[in-house]
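Structure at a glance
Listed below are the residues making up each chain.
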Amino acid sequence: RYAAWAAKRTAQRDFLTFLGDAHREDGIPLSAEQLRRCALAGRVAWLIDGLDEVSDPELRFACAERVANLRHLGGATLVSSRPRGVTRELDFIREAGLAIHELCPFDDHQLDALGQRWLGAGLFDELALQRVHDATAVAELMRTPLVATLIFVLARRGALPRQRQRLLAEISALTVRRWAERRGPLTLDAPGRTAFLRRLAWTMLTNVERGADNIIEREPLLRIAARFFLERDGLARDEAQARAAAL
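In this report, the structure presented in the accompanying data block is examined. As the structure is a prediction and not an experimental result, all values here were calculated from the model.

Regarding the overall build of the chain
Along the chain, the regular secondary structure elements total 12 helices and two strands. A compact globule built from 247 residues would reach a C-alpha radius of gyration of about 18 Å, whereas the chain, at 22 Å, exceeds it by more than 25%. By principal-axis analysis of the C-alpha atoms, the chain measures approximately 60 × 55 × 30 Å. Expressed as a percentage of its 247 residues, the buried residues of the chain come to 33%. Long-range contacts, defined here as pairs at least 24 residues apart, represent 57% of the contacts in the chain between residues at least 6 apart. Put simply, the chain shows about 15,600 Å² of open surface, and 53% of that area lies on carbon and sulfur atoms. When the 37 positive and 33 negative side-chain charges of the chain are each reduced to one mean point, those points stand 3 Å apart.

Looking at the nonpolar core
Core analysis: the biggest nonpolar cluster contains 23 residues, and Phe124, Met142, Ile151, Phe152, Leu160 and Leu167 have the highest contact counts within it. For this core, the secondary structure elements donating two or more residues are α6 (108-120), α7 (126-134), α8 (145-157) and α9 (164-183). The greatest single-element share of this core, amounting to seven residues, is contributed by α8.

Looking at the pairing of strand β2 (residues 77-80)
Pairing geometry for strand β1 (residues 46-49) and β2, over four bridges, is parallel. In the strand pairing of β2, isoleucine 48 is matched with valine 79. Read as a crossover between parallel neighbours, the route from β1 over helix α4 (residues 57-69) to β2 is right-handed.

Let's talk about helix α10 (residues 190-206)
Look at α10: 24 Å from first C-alpha to last across 17 residues, which is about the 24 Å you get at 1.5 Å a residue. Every buried residue of α10 is accounted for by Gly192, Arg193, Phe196, Leu200 and Met204. Axial view of α10: buried residues confined to an arc of 100°, hence all on one face. Across α10 from its buried face, at more than 90 degrees, point the exposed residues Pro191, Arg198 and Trp202. Taking the backbone nitrogen of glycine 192 as reference, a side-chain oxygen 2.8 Å away marks aspartate 189 as the first, capping residue of α10.

Remarks on the packing of aromatic side chains
This structure, assessed with the given rule, holds 10 aromatic pairs. On the numbers, 5.4 Å between centres and 50° between planes, the contact of tryptophan 118 with phenylalanine 124 is tilted. Classification of tryptophan 118 by relative accessible area gives buried; the value is 11%. Accessibility expressed as a relative area gives 6% for phenylalanine 124, which makes it buried. Of the aromatic side chains, those joined through ring pairs into one cluster are Tyr2, Trp5, Phe15 and Phe18.

Points about the environment of serine 81
Following the sequence through the fold, serine 81 ends up in the loop between β2 and α5 (87-95). Residue classification places serine 81 among the partly exposed residues on the basis of a relative accessible area of 30%. For the pair formed by serine 81 and aspartate 52, sequence separation is 29 residues and the distance between their alpha carbons is 5.6 Å. Beyond its immediate sequence surroundings of up to four residues, serine 81 is in contact with Leu51, Asp52 and Val86. For serine 81, the side chain forms a polar contact with the side chain of aspartate 52, separated by 3.2 Å.

Considering the packing of helix α11 (residues 218-233) against helix α12 (residues 237-246)
Packing of α11 against α12 brings their axes to within 8 Å, and their N-to-C directions diverge by 125°. By the criterion of interaxial angle, the relationship of α11 to α12 is oblique. α12 is crossed by α11, and the crossing has right-handed handedness. Facing α11, whose interface residues are Leu222, Ala225, Ala226, Phe229, Leu230 and Asp233, α12 presents Arg237, Ala240, Gln241, Arg243, Ala244 and Ala245. When its residues are assigned to classes, the contact of α11 with α12 shows eight nonpolar, one polar and three charged.

Section: the pattern of salt bridges
Summed over the entire model, instances satisfying the criterion amount to 13 salt bridges. The salt bridge involving glutamate 33 is made with arginine 36; its shortest N-O contact spans 3.6 Å. With glutamate 33 and arginine 36 both in helix α3 (residues 32-40) and three residues apart, the pair spans about one turn of that helix. Accessibility expressed as a relative area gives 41% for glutamate 33, which makes it partly exposed. The class for arginine 36 is partly exposed, based on a relative accessible area of 32%. Glutamate 140 is the partner of arginine 143 in a salt bridge, and the nearest nitrogen-oxygen pair spans 3.5 Å. Residue classification places glutamate 140 among the exposed residues on the basis of a relative accessible area of 57%.

Rules used throughout
Residues numbered from 1 in each chain as written. Predicted model: local features only at pLDDT ≥ 70, side-chain atom pairs only at ≥ 80, totals over all residues. Heavy atoms only, no water. Helix = DSSP H or I, 4+ residues; strand = E, 2+ residues; numbered from the N terminus. Rg over C-alpha atoms; globule rule 2.2 N^0.38 Å. Buried < 20%, exposed > 50% of the residue type's maximum accessible area, 1.4 Å probe, protein only. Contact = heavy atoms within 4.5 Å. Areas by Shrake-Rupley, 256 points an atom, 1.4 Å probe, with all protein chains shown as cover. Lys, Arg positive; Asp, Glu negative; His and termini not counted. Charge placed at Lys NZ, Arg CZ, Asp CG, Glu CD. Core = buried A, V, L, I, M, F, W, Y, C linked by side-chain atoms within 4.5 Å. Pairing = 2+ DSSP bridges. Right-handed = clockwise from strand over helix to strand, strands pointing away. Expected span 1.5 Å × (residues − 1). Arc of directions from axis to C-beta. Polar contact = N/O pair within 3.5 Å; in protein donor to acceptor, adjacent residues only side chain to side chain. Phe/Tyr/Trp six-rings, centres within 6.5 Å; stacked < 30°, edge-to-face > 60°. Axes fitted to C-alpha atoms, helices over the stretch in contact; angles between N-to-C directions. Parallel < 35°, antiparallel > 145°, perpendicular 65-115°, else oblique. Left-handed = near helix turned anticlockwise from the far one by under 90°. Nonpolar A, V, L, I, M, F, W, Y, C, P; charged D, E, K, R; others polar. Salt bridge = Lys/Arg side-chain N within 4 Å of Asp/Glu carboxyl O.

Laid out in structure tokens, this is it:
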């Protein structure tokens with residue numbers, strides 16, 4: 001939300017001005033100056049999420065600079081971000097004297113314990129556990145808890161790919177299949193669902209006017225889906241909009 005706000009401005013892009021504007025829009029009587037006074041009194045904790053979701057490199061680095069400057073206002077600061085793609089920003093934050101901690105990377109012992117828990121709970125069998133143990137080429141990916149869980153799900157279904165890119169493709173295909181299973185009958189086959197999600201992800205990532213975001217409102221989503229059906233299937237506008245709504 002900050003990135004979308006800052007992308008439209010050439011001046012006064014600091015966090016306090018943004019928060020004051022955001023509070024005013026939400027009907028909350030808390031101005032930028034009131035926040036400043038609270039911070040100087042040590043009555044504010046800054047919780048900031050999504051540094052990696054700012055797509056513009058210069059704006060993302062400017063965000064990192066503003067994060068580092070918050071300590072001069074007062075109050076504790078906690079920033080959460082995926083580590084990939086923000087090496088420059090994390091280096092800057094570290095050099096500014098802020099501590100960086102990686103959240104819950106699995107070590108070998110924890111991965112073994114997770115596998116045994118899955119086995120004990122009947123979530124997969126000895127053969128699936130052996131497939132996980134044999135997947136040494138992609139073992140580092142399993143340090144991330146979410147990815148480890150997805151790899152375990154794949155191991156229940158058969159042999160795991162040994163190349164990183166093929167494994168990630170299998171994980172994407174798994175989530176696409178689960179979408180259909182949870183949502184019920186869809187108007188798109190699996191390749192079509194993958195193509196639509198690729199289009200959606202790219203649009204959300206490169207929408208410079210709004211700033212990259214991981215949330216999209218219903219109306220913009222419907223417009224993207226309708227445009228997808230128009231271009232992919234050559235449908236009339238009304239029919240494309242109806243299929244978008246059904247999707």
